[in-house]
Amino acid sequence: MINSALDIVGVVEATSRVLRERILNGTLPGDAAVTEAWVSAEFGIARPSAKAAIEQLVASGLLVRTAHRSARVAAIDADMVRDVYRTRARMESMALRELAVDARIPAAAIAANDEISALPPRPDAATVDPDIRFHTALIDGIESARTSRMYRTLLDETRLCMAQVQDRRLLDAHDIAAQHRAILDAVRDHDGDLASRLLHDHLGSAEERLVDALSD
């Protein structure tokens, strides 16, 4: 049953949030069915509310619904990973070029990368959250609410990719931090082209590791 604290933010939003967390932490695995009847029973809510919560997650790409089938957790594959990461690269590349014009370095990007730098020099799942915050800060730095909102949809799918790959220890923490610093240095030097190239190399490396992990 949804408790009173969750009721405050609304039944649909609360249910959607909990389902999202379960999908992104792997509790609900790829291709798992998420039916209106199950959601209604699991959270003690009416079927219309369950349907609305499911539709929110379908819109974000975490659930998929096909004709005559219940919604299911999106099952990732190599094509999805490549599309998500390359779309991210296009959006972030645009943001870096804009930031480089005025050599704007988002403070949130520096703070997130400092967290990564403080981690031991080895692959560590603890890099995931600050890494995502670093990249989000680049997008937020151009101060476009609509761009930020669109980008966050991609981040849900990025986390979904990681949730469905058992080994999330993709890159050494210090390597990630060094790559981030190089990107920021290029922005600081007004070199949007270099920042864009470094970004494509950085995201491309993570993309390939995720694709390789899927084939293991």
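Residues numbered from 1 in each chain as written. Predicted model: local features only at pLDDT ≥ 70, side-chain atom pairs only at ≥ 80, totals over all residues. Heavy atoms only, no water.

Colleague: Let's hear about the overall build of the protein chain: which residues, and what values?
Modeller: Tallying secondary structure elements over the protein chain gives ten helices and two strands in all. When the helices and strands of the protein chain are listed from N to C terminus, the series reads α-α-α-α-β-β-α-α-α-α-α-α. In terms of overall dimensions, the protein chain is globule-like: its C-alpha atoms have a radius of gyration of 19 Å, near the 17 Å expected for 216 residues. In terms of overall dimensions, the protein chain has a C-alpha envelope of 55 × 40 × 35 Å along the principal axes. Out of the 216 residues in the protein chain, the part that is buried amounts to 45%. Put simply, 73% of the contacts in the protein chain that link residues at least 6 apart link residues at least 24 apart. Accessible area for the protein chain stands at about 10700 Å²; split by element, carbon and sulfur atoms hold 50% of it. Averaging the locations of the 26 positively and 34 negatively charged side chains of the protein chain gives two centres separated by 4 Å. (Helix = DSSP H or I, 4+ residues; strand = E, 2+ residues; numbered from the N terminus. Rg over C-alpha atoms; globule rule 2.2 N^0.38 Å. Buried < 20%, exposed > 50% of the residue type's maximum accessible area, 1.4 Å probe, protein only. Contact = heavy atoms within 4.5 Å. Areas by Shrake-Rupley, 256 points an atom, 1.4 Å probe, with all protein chains shown as cover. Lys, Arg positive; Asp, Glu negative; His and termini not counted. Charge placed at Lys NZ, Arg CZ, Asp CG, Glu CD.)

Colleague: Residue-level account of helix H7 (residues 128-140), with values.
Modeller: The end-to-end C-alpha distance of H7, which contains 13 residues, comes to 18 Å, matching closely the 18 Å that a straight helix rising 1.5 Å per residue would cover. Along H7, ten of the 13 residues are buried, which leaves the element largely enclosed by surrounding structure. Buried within H7 are the following residues: Val128, Pro130, Asp131, Ile132, Phe134, His135, Thr136, Ala137, Leu138 and Ile139. (Expected span 1.5 Å × (residues − 1).)

Colleague: Tell me about the packing of helix H5 (residues 78-101) against helix H10 (residues 192-215), residues and numbers included.
Modeller: Taken N-terminus to C-terminus, the directions of H5 and H10 make an angle of 165°; their axes are 9 Å apart at the nearest point. Between H5 and H10, the crossing angle belongs to the class labelled roughly antiparallel. Our pair here, H5 against H10, has a crossing hand that is right-handed. Classifying every residue of the contact of H5 with H10 by side-chain character gives 13 nonpolar, four polar and eight charged. (Axes fitted to C-alpha atoms, helices over the stretch in contact; angles between N-to-C directions. Parallel < 35°, antiparallel > 145°, perpendicular 65-115°, else oblique. Left-handed = near helix turned anticlockwise from the far one by under 90°. Nonpolar A, V, L, I, M, F, W, Y, C, P; charged D, E, K, R; others polar.)

Colleague: Now, about the nonpolar core: what can you tell me, with residues and values included?
Modeller: By size, the foremost hydrophobic cluster in this structure holds 54 residues, and its most contacted members are Ile23, Val39, Leu63, Val73, Tyr85 and Leu160. By residue number, the principal contributor to this core is H5, which donates ten residues. Once you skip the residues sitting within four places of it in the chain, leucine 63 turns out to touch Ile23, Val34, Ile54, Leu57, Val58, Ala71, Arg72, Val73 and Ala74. Counting residues in hydrophobic clusters, the runner-up holds six residues, among them Leu119, Leu171, Ile176 and Ala177. (Core = buried A, V, L, I, M, F, W, Y, C linked by side-chain atoms within 4.5 Å.)

Colleague: With reference to specific residues and values, describe the environment of histidine 190.
Modeller: Positionally, histidine 190 belongs in the loop between helix H9 (173-188) and H10. Here the alpha-carbon distance between histidine 190 and glutamate 98, two residues 92 residues apart in the chain, equals 9.5 Å. Excluding residues within four positions of it along the chain, histidine 190 makes contact with Ala100, Val101, Asp102 and Ala103. From its side chain, histidine 190 meets the backbone oxygen of alanine 100 in a polar contact 3.0 Å long. (Polar contact = N/O pair within 3.5 Å; in protein donor to acceptor, adjacent residues only side chain to side chain.)

Colleague: I'd love a proper account of the environment of threonine 35, names of residues and values included.
Modeller: Locating threonine 35 in the fold gives a position in the loop between helix H2 (11-24) and helix H3 (36-43). A C-alpha to C-alpha distance of 9.3 Å links threonine 35 and arginine 69, two positions 34 residues apart in sequence. The contacts of threonine 35, once residues within four sequence positions are left out, are Ile54 and Ser70. At a separation of 2.9 Å, a polar atom in the side chain of threonine 35 contacts the main-chain amide nitrogen of tryptophan 38.

Colleague: Tell me what's going on with the pattern of salt bridges, and back it up with residues and numbers.
Modeller: One pass over the structure, following the stated rule, counts 15 salt bridges. We note a salt bridge from glutamate 207 to arginine 86, for which the minimum N-O separation is 2.9 Å. Within this pair, whereas glutamate 207 is found in helix H10, its partner arginine 86 is found in helix H5, the two being separated by 121 residues in sequence. When its relative accessible area of 5% is taken as the criterion, glutamate 207 is described as buried. Salt-bridge contacts for aspartate 140 lead to arginine 152; the nearest nitrogen and oxygen are separated by 2.8 Å. Of this pair, aspartate 140 sits in helix H7 while arginine 152 sits in helix H8 (residues 145-163); the two residues are twelve residues apart in sequence, bridging distant segments of the chain. Overall, aspartate 140 belongs to the partly exposed group, its relative accessible area being 30%. For arginine 152, a relative accessible area of 38% corresponds to the partly exposed category. (Salt bridge = Lys/Arg side-chain N within 4 Å of Asp/Glu carboxyl O.)

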